[in-house]
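# Coordinate inspection notes
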Amino acid sequence: MSQKEEVSLEISKDGPYIVKNVAILRNSKGNSLETQPVMALCRCVSSKNKPFCDGSHLEIAFKDEMN
Ligand code: FES
């Protein structure tokens, strides 16, 4: 019997969403993407590898005053 890990989402300060244990991930076109146990998803809209964070938020000095 397998034990499922809890799915979680964390908003990192001025950085990506950190998602854990997501089994299914689709891009904006509805295509399935390979998942990893821990993934960083872009929320600054500048990544060249969307939906994944590629560190571009650091280059643009992304700031989210709410989080
Ligand atoms: S949040 Fe890291 S590239 Fe957008």
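The structure this text deals with has already been given above.
Summarised in this report is the structure supplied together with it. Worth saying up front: this structure is predicted, and the values here are computed from it rather than measured.

## Focus: the overall build of the chain
When helices and strands are tallied, the chain shows 1 helix and 5 strands. Along the chain, from the amino end to the carboxyl end, the secondary structure elements read β-β-β-β-β-α. Projected onto the principal axes, the alpha-carbon positions of the chain cover approximately 45 × 25 × 15 Å. Expressed as a percentage of the 67 residues in the chain, the buried residues total 25%. In the chain, 27% of the contacts between residues at least 6 apart in sequence involve partners at least 24 apart. In the form shown here, the chain has an accessible surface area of approximately 5,200 Å², with 52% of it arising from carbon and sulfur atoms. In the chain, 9 side chains carry a positive charge and 9 a negative one; their mean positions are 6 Å apart.

## A word on the sheet that holds strand 1 (residues 8-11)
The 3 strands lie next to each other as 1-2-5, forming an open sheet whose pairing is antiparallel. Edge strands, defined here as strands with exactly one partner in the open sheet, are strand 1 and strand 5 (38-41). For this sheet, the mean inter-axis angle between neighbouring strands, taken without regard to orientation, is 20°. Sheet topology note: the strand 1/strand 2 (residues 17-20) ladder contains 4 bridges and is antiparallel. What sits directly across from L9, in strand 2, is V19.

## Let's talk about the side chain of S47
Along the polypeptide, S47 turns up in the loop between strand 5 and helix 1 (56-59). Classification of S47 by relative accessible area gives buried; the value is 4%. Separated by 2.9 Å, the side chain of S47 and the backbone nitrogen of N49 make a polar contact. In this structure the side chain of S47 is engaged in a polar contact, spanning 2.5 Å, whose partner is the backbone oxygen of F52. Excluding residues that lie within four positions of it along the chain, S47 makes contacts with C42, F52, C53, D54 and S56.

Procedures and definitions
Residues numbered from 1 in each chain as written. Predicted model: local features only at pLDDT ≥ 70, side-chain atom pairs only at ≥ 80, totals over all residues. Heavy atoms only, no water. Helix = DSSP H or I, 4+ residues; strand = E, 2+ residues; numbered from the N terminus. Buried < 20%, exposed > 50% of the residue type's maximum accessible area, 1.4 Å probe, protein only. Contact = heavy atoms within 4.5 Å. Areas by Shrake-Rupley, 256 points an atom, 1.4 Å probe, with all protein chains shown as cover. Lys, Arg positive; Asp, Glu negative; His and termini not counted. Charge placed at Lys NZ, Arg CZ, Asp CG, Glu CD. Pairing = 2+ DSSP bridges. Axes fitted to C-alpha atoms, helices over the stretch in contact; angles between N-to-C directions. Polar contact = N/O pair within 3.5 Å; in protein donor to acceptor, adjacent residues only side chain to side chain.

Keep in mind these values describe shape, not function.
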